[in-house]
Amino acid sequence: MFAYNDRNGPLLSRFKLKRSSPKITIEKTILKRTNPFRVASYVLNAHELKQLPEDNGIEVAIAGRSNAGKSSAINTFTDQKSLARTSKTPGRTQQIVIFKLDEDRRIADLPGYGYAKVPLKLKAHWRRVMERYFQTRSCLRGVVLVMDIRHPMREFDQQMLAWCEAANTPCHILLTKADKLKRGPAQSTLLKVRRDLPDIASIQIFSSSKKTGLEELVDKLCDWYEYDDETA
Ligand code: GDP
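Residues numbered from 1 in each chain as written. Predicted model: local features only at pLDDT ≥ 70, side-chain atom pairs only at ≥ 80, totals over all residues. Heavy atoms only, no water.

Participant: Could you clarify how one ought to interpret the overall build of the protein chain in this entry?
Facilitator: Counting its secondary structure elements, the protein chain contains five helices and 11 strands. Looking at the protein chain as a whole, 47% of its 232 residues are labelled buried. Here the contacts in the protein chain between residues at least 6 apart in sequence split such that 72% fall between residues at least 24 apart. (Helix = DSSP H or I, 4+ residues; strand = E, 2+ residues; numbered from the N terminus. Buried < 20%, exposed > 50% of the residue type's maximum accessible area, 1.4 Å probe, protein only. Contact = heavy atoms within 4.5 Å.)

Participant: Explanation requested: the site of the ligand in the structure shown.
Facilitator: Near the ligand there are 18 residues, and of these N67, S71, S72, D179 and S208 occur at the shortest range. A68 has a polar backbone atom sitting 3.2 Å from an oxygen atom of the ligand. Here the element with the most residues in the shell around the ligand is helix α1 (residues 70-77); it accounts for three residues. Residue composition of the shell around the ligand, by class: one nonpolar, 11 polar and six charged. (Near = heavy atom within 4 Å. Polar contact = N/O pair within 3.5 Å; in protein donor to acceptor, adjacent residues only side chain to side chain. Nonpolar A, V, L, I, M, F, W, Y, C, P; charged D, E, K, R; others polar.)

Participant: Explain the packing of aromatic side chains to me, please; I cannot follow it from the model alone.
Facilitator: What characterises a pair of aromatic rings is the spacing of the ring centres plus the angle enclosed by the ring planes. As enumerated under the stated definition, the model contains seven aromatic pairs in all. A centroid spacing of 5.8 Å and a plane angle of 80° characterise the contact between F37 and Y227, whose relative ring orientation is edge-to-face. Taken together, the positions of F37 in the loop between β4 (25-30) and β5 (41-46) and Y227 in the segment after α5 (214-225) put the pair 190 residues apart, joining distant regions of the chain. Each member of the pair, F37 as well as Y227, is classed as buried. Considering the side-chain rings of Y225 and Y227, the 6.1 Å spacing of their centres and the 45° angle between planes classify their relative orientation as tilted. (Phe/Tyr/Trp six-rings, centres within 6.5 Å; stacked < 30°, edge-to-face > 60°.)

Participant: What exactly am I supposed to notice about unusual backbone geometry here?
Facilitator: Across the chain, the bulk of peptide bonds are trans and the bulk of non-glycine residues have phi less than zero. A positive phi angle, near 55°, is found at M153, a position not held by glycine. Within the secondary structure layout, M153 lies in the loop between β9 (140-148) and α3 (155-167). Phi at N168 takes a positive value of approximately 55°, unusual for a residue other than glycine. Turning to its location among the elements, N168 is positioned in the loop between α3 and β10 (171-176).

Participant: Explain the pairing of strand β7 (residues 96-102) to me, please; I cannot follow it from the model alone.
Facilitator: Regular strands have side chains that alternate between both faces of the sheet. Among the seven residues of β7, five are classified as buried, and the element is accordingly described as predominantly covered. The sheet contact formed by β5 and β7 spans five bridges and is antiparallel. Across the sheet, Y42 pairs through a bridge with F99, a residue of β7. Relative to strand β8 (residues 105-109), β7 is paired through five bridges, and the arrangement is antiparallel. In the sheet register, I98 faces β8, and the bridge partner there is A108. Hairpin remark: β7 followed by β8, antiparallel, with two residues in the connecting loop. (Pairing = 2+ DSSP bridges.)

Participant: Teacher, can you tell me more about the environment of C164 here?
Facilitator: Tracing the backbone through its elements, the reader meets C164 in helix α3. Residues C164 and A201 lie 37 residues apart in sequence; the distance between their C-alpha atoms is 8.6 Å. Setting aside anything within four residues of it in sequence, one finds C164 in contact with F134, V143, T169, C171 and I200.

This is the structure:
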(Lines give C-alpha, C1' and ligand atoms only; values in the text may rest on other atoms or scores of the structure.)
Protein backbone atom coordinates (compact mmCIF):
# COMPACT_ATOMS: atom_id res chain seq x y z
CA MET A 1 0.00 0.00 0.00
CA PHE A 2 1.44 3.35 -0.98
CA ALA A 3 0.75 6.87 0.02
CA TYR A 4 2.69 9.53 -1.69
CA ASN A 5 3.65 13.11 -1.31
CA ASP A 6 2.00 15.81 -3.25
CA ARG A 7 3.37 19.32 -3.38
CA ASN A 8 1.40 20.25 -0.31
CA GLY A 9 3.06 17.58 1.78
CA PRO A 10 2.57 13.91 2.54
CA LEU A 11 -0.82 12.31 2.53
CA LEU A 12 -1.94 10.70 5.75
CA SER A 13 -2.54 7.03 5.44
CA ARG A 14 -3.81 4.01 7.37
CA PHE A 15 -1.99 0.80 6.84
CA LYS A 16 -1.29 -2.52 8.46
CA LEU A 17 2.25 -3.23 9.52
CA LYS A 18 2.31 -6.73 8.10
CA ARG A 19 5.90 -7.87 8.62
CA SER A 20 6.51 -7.11 12.29
CA SER A 21 3.02 -7.52 13.64
CA PRO A 22 0.02 -8.32 11.48
CA LYS A 23 -2.44 -7.23 14.11
CA ILE A 24 -1.13 -3.76 14.72
CA THR A 25 -2.86 -1.13 12.70
CA ILE A 26 -1.01 2.13 12.66
CA GLU A 27 -3.35 4.99 12.02
CA LYS A 28 -2.38 8.26 10.43
CA THR A 29 1.13 7.03 9.81
CA ILE A 30 2.92 9.13 7.29
CA LEU A 31 4.45 7.19 4.46
CA LYS A 32 6.73 9.47 2.56
CA ARG A 33 6.86 8.62 -1.07
CA THR A 34 7.98 10.55 -4.07
CA ASN A 35 5.38 10.39 -6.81
CA PRO A 36 7.32 8.66 -9.61
CA PHE A 37 4.79 9.83 -12.20
CA ARG A 38 5.49 13.51 -11.70
CA VAL A 39 8.56 13.24 -13.92
CA ALA A 40 6.48 12.15 -16.93
CA SER A 41 7.42 14.05 -20.07
CA TYR A 42 6.18 14.06 -23.64
CA VAL A 43 8.08 11.90 -26.14
CA LEU A 44 6.11 11.56 -29.38
CA ASN A 45 2.78 11.19 -31.17
CA ALA A 46 2.29 8.03 -33.21
CA HIS A 47 -0.23 7.65 -36.01
CA GLU A 48 0.92 4.09 -36.71
CA LEU A 49 2.43 1.36 -34.55
CA LYS A 50 5.75 1.44 -36.33
CA GLN A 51 6.27 4.99 -35.04
CA LEU A 52 6.15 3.80 -31.41
CA PRO A 53 9.30 3.47 -29.29
CA GLU A 54 10.94 0.04 -29.29
CA ASP A 55 8.90 -2.70 -27.73
CA ASN A 56 10.87 -3.10 -24.50
CA GLY A 57 10.68 -1.99 -20.87
CA ILE A 58 7.25 -1.40 -19.33
CA GLU A 59 4.40 0.45 -20.99
CA VAL A 60 1.04 1.20 -19.38
CA ALA A 61 -1.73 2.40 -21.68
CA ILE A 62 -4.51 4.78 -20.72
CA ALA A 63 -7.69 4.42 -22.73
CA GLY A 64 -11.12 5.96 -22.64
CA ARG A 65 -13.88 7.28 -24.88
CA SER A 66 -13.43 10.92 -25.81
CA ASN A 67 -14.60 13.16 -23.02
CA ALA A 68 -14.54 10.34 -20.46
CA GLY A 69 -11.94 12.26 -18.44
CA LYS A 70 -8.77 10.47 -19.59
CA SER A 71 -6.56 13.56 -20.01
CA SER A 72 -7.66 14.89 -16.64
CA ALA A 73 -6.83 11.54 -15.02
CA ILE A 74 -3.34 11.56 -16.59
CA ASN A 75 -2.75 15.13 -15.44
CA THR A 76 -3.95 14.17 -11.96
CA PHE A 77 -1.72 11.16 -11.37
CA THR A 78 1.31 12.86 -12.94
CA ASP A 79 0.55 15.95 -10.86
CA GLN A 80 0.94 18.18 -13.91
CA LYS A 81 -1.54 20.76 -15.10
CA SER A 82 -1.39 20.14 -18.81
CA LEU A 83 0.74 17.14 -19.69
CA ALA A 84 -2.19 15.53 -21.46
CA ARG A 85 -4.40 18.12 -23.03
CA THR A 86 -7.84 18.39 -21.54
CA SER A 87 -10.49 19.58 -23.86
CA LYS A 88 -14.20 20.09 -24.09
CA THR A 89 -13.98 19.23 -27.79
CA PRO A 90 -14.55 15.49 -28.14
CA GLY A 91 -12.36 13.48 -30.50
CA ARG A 92 -9.28 15.66 -30.39
CA THR A 93 -6.91 12.91 -29.32
CA GLN A 94 -6.44 10.94 -32.51
CA GLN A 95 -2.97 9.58 -32.09
CA ILE A 96 -1.11 7.48 -29.54
CA VAL A 97 0.78 9.92 -27.36
CA ILE A 98 3.83 8.56 -25.56
CA PHE A 99 5.15 9.99 -22.31
CA LYS A 100 8.19 8.65 -20.57
CA LEU A 101 8.95 8.20 -16.89
CA ASP A 102 12.49 6.97 -17.49
CA GLU A 103 14.34 5.01 -20.15
CA ASP A 104 12.40 1.82 -19.37
CA ARG A 105 8.95 3.05 -18.40
CA ARG A 106 6.37 4.74 -20.59
CA ILE A 107 2.74 5.85 -20.56
CA ALA A 108 0.79 5.40 -23.80
CA ASP A 109 -2.22 7.72 -24.09
CA LEU A 110 -4.50 5.87 -26.52
CA PRO A 111 -6.95 7.63 -28.85
CA GLY A 112 -10.55 7.85 -27.72
CA TYR A 113 -11.96 6.94 -31.07
CA GLY A 114 -15.29 5.69 -29.75
CA TYR A 115 -17.05 9.01 -29.78
CA ALA A 116 -19.72 9.44 -32.43
CA LYS A 117 -18.28 12.67 -33.84
CA VAL A 118 -15.02 11.03 -34.93
CA PRO A 119 -15.29 10.34 -38.70
CA LEU A 120 -16.07 6.69 -39.53
CA LYS A 121 -12.93 6.21 -41.60
CA LEU A 122 -10.74 7.40 -38.75
CA LYS A 123 -12.65 5.19 -36.32
CA ALA A 124 -12.03 2.14 -38.51
CA HIS A 125 -8.34 3.06 -38.82
CA TRP A 126 -7.98 3.33 -35.07
CA ARG A 127 -9.86 0.15 -34.44
CA ARG A 128 -7.34 -1.74 -36.56
CA VAL A 129 -4.35 0.02 -35.00
CA MET A 130 -5.63 -0.59 -31.47
CA GLU A 131 -6.37 -4.22 -32.08
CA ARG A 132 -2.85 -4.78 -33.34
CA TYR A 133 -1.42 -2.76 -30.47
CA PHE A 134 -3.10 -5.06 -27.96
CA GLN A 135 -2.15 -8.18 -29.89
CA THR A 136 1.50 -7.37 -30.49
CA ARG A 137 2.85 -4.94 -27.90
CA SER A 138 4.72 -7.20 -25.51
CA CYS A 139 5.88 -4.39 -23.18
CA LEU A 140 2.23 -3.57 -22.43
CA ARG A 141 1.90 -4.29 -18.71
CA GLY A 142 -1.60 -3.02 -18.10
CA VAL A 143 -4.37 -0.76 -19.32
CA VAL A 144 -6.13 1.93 -17.32
CA LEU A 145 -9.59 2.22 -18.83
CA VAL A 146 -11.24 5.52 -17.95
CA MET A 147 -15.04 5.68 -17.94
CA ASP A 148 -17.39 8.47 -16.95
CA ILE A 149 -19.13 6.97 -13.90
CA ARG A 150 -22.45 8.22 -15.30
CA HIS A 151 -21.99 6.33 -18.60
CA PRO A 152 -19.96 3.18 -17.89
CA MET A 153 -19.35 0.19 -20.13
CA ARG A 154 -20.20 1.62 -23.50
CA GLU A 155 -19.32 -0.28 -26.66
CA PHE A 156 -15.82 1.24 -26.74
CA ASP A 157 -15.17 0.08 -23.16
CA GLN A 158 -16.42 -3.42 -23.85
CA GLN A 159 -14.16 -3.63 -26.89
CA MET A 160 -11.13 -2.52 -24.86
CA LEU A 161 -11.91 -5.08 -22.18
CA ALA A 162 -12.32 -7.81 -24.77
CA TRP A 163 -8.91 -6.98 -26.29
CA CYS A 164 -7.32 -7.00 -22.83
CA GLU A 165 -8.90 -10.33 -22.09
CA ALA A 166 -7.77 -11.80 -25.40
CA ALA A 167 -4.20 -10.64 -24.74
CA ASN A 168 -4.39 -11.58 -21.04
CA THR A 169 -3.45 -7.98 -20.17
CA PRO A 170 -4.66 -6.59 -16.82
CA CYS A 171 -7.19 -3.78 -17.12
CA HIS A 172 -7.85 -1.33 -14.30
CA ILE A 173 -11.09 0.60 -14.69
CA LEU A 174 -11.40 4.14 -13.37
CA LEU A 175 -14.99 5.22 -12.85
CA THR A 176 -14.15 8.89 -13.01
CA LYS A 177 -16.08 12.13 -12.44
CA ALA A 178 -17.36 10.46 -9.26
CA ASP A 179 -17.83 13.95 -7.81
CA LYS A 180 -20.81 14.28 -10.17
CA LEU A 181 -22.69 11.58 -8.23
CA LYS A 182 -23.65 11.17 -4.60
CA ARG A 183 -21.83 8.44 -2.66
CA GLY A 184 -24.74 5.95 -2.80
CA PRO A 185 -25.25 5.97 -6.58
CA ALA A 186 -21.47 5.98 -7.13
CA GLN A 187 -21.07 2.86 -4.95
CA SER A 188 -23.96 1.08 -6.59
CA THR A 189 -22.48 1.77 -10.06
CA LEU A 190 -19.16 0.38 -8.82
CA LEU A 191 -20.81 -2.82 -7.56
CA LYS A 192 -22.94 -3.23 -10.66
CA VAL A 193 -20.04 -2.83 -13.10
CA ARG A 194 -17.71 -4.96 -10.98
CA ARG A 195 -20.18 -7.86 -10.96
CA ASP A 196 -19.72 -8.68 -14.64
CA LEU A 197 -16.00 -8.05 -15.05
CA PRO A 198 -13.60 -10.64 -16.42
CA ASP A 199 -10.76 -11.91 -14.20
CA ILE A 200 -8.15 -9.63 -15.80
CA ALA A 201 -10.07 -6.52 -14.66
CA SER A 202 -10.09 -4.45 -11.49
CA ILE A 203 -12.10 -1.32 -10.81
CA GLN A 204 -12.23 1.76 -8.60
CA ILE A 205 -13.99 5.07 -8.18
CA PHE A 206 -12.04 8.17 -9.18
CA SER A 207 -12.37 11.92 -9.49
CA SER A 208 -9.76 14.21 -10.99
CA SER A 209 -11.47 17.26 -9.55
CA LYS A 210 -11.49 15.95 -5.98
CA LYS A 211 -8.52 13.56 -6.31
CA THR A 212 -10.74 10.75 -5.02
CA GLY A 213 -9.09 7.35 -5.48
CA LEU A 214 -5.71 8.80 -6.38
CA GLU A 215 -3.79 6.66 -3.90
CA GLU A 216 -5.46 3.51 -5.13
CA LEU A 217 -4.54 4.34 -8.72
CA VAL A 218 -0.94 5.19 -7.78
CA ASP A 219 -0.72 1.85 -5.94
CA LYS A 220 -1.85 -0.02 -9.02
CA LEU A 221 0.52 1.86 -11.32
CA CYS A 222 3.49 1.41 -8.95
CA ASP A 223 2.74 -2.28 -8.97
CA TRP A 224 2.66 -2.49 -12.77
CA TYR A 225 5.77 -0.33 -13.19
CA GLU A 226 7.59 -2.31 -10.50
CA TYR A 227 8.42 0.63 -8.30
CA ASP A 228 9.43 -0.40 -4.80
CA ASP A 229 7.67 0.85 -1.72
CA GLU A 230 10.02 3.51 -0.39
CA THR A 231 8.92 4.32 3.09
CA ALA A 232 10.76 6.80 5.24
P1 GDP B 1 -10.82 13.15 -22.36
O2 GDP B 1 -11.42 13.56 -23.67
O3 GDP B 1 -11.22 11.77 -21.98
O4 GDP B 1 -9.33 13.34 -22.29
O5 GDP B 1 -11.51 14.05 -21.24
P6 GDP B 1 -10.97 15.35 -20.46
O7 GDP B 1 -10.02 14.94 -19.40
O8 GDP B 1 -10.56 16.39 -21.46
O9 GDP B 1 -12.30 15.78 -19.72
C10 GDP B 1 -13.49 16.08 -20.41
C11 GDP B 1 -14.30 17.07 -19.57
O12 GDP B 1 -14.66 16.47 -18.33
C13 GDP B 1 -13.52 18.34 -19.22
O14 GDP B 1 -14.41 19.42 -19.24
C15 GDP B 1 -13.02 18.06 -17.80
O16 GDP B 1 -12.83 19.25 -17.05
C17 GDP B 1 -14.16 17.23 -17.23
N18 GDP B 1 -13.68 16.31 -16.20
C19 GDP B 1 -12.68 15.40 -16.30
N20 GDP B 1 -12.51 14.72 -15.14
C21 GDP B 1 -13.43 15.20 -14.27
C22 GDP B 1 -13.75 14.90 -12.90
O23 GDP B 1 -13.18 14.03 -12.23
N24 GDP B 1 -14.80 15.62 -12.36
C25 GDP B 1 -15.48 16.56 -13.06
N26 GDP B 1 -16.48 17.19 -12.43
N27 GDP B 1 -15.20 16.88 -14.33
C28 GDP B 1 -14.18 16.22 -14.95
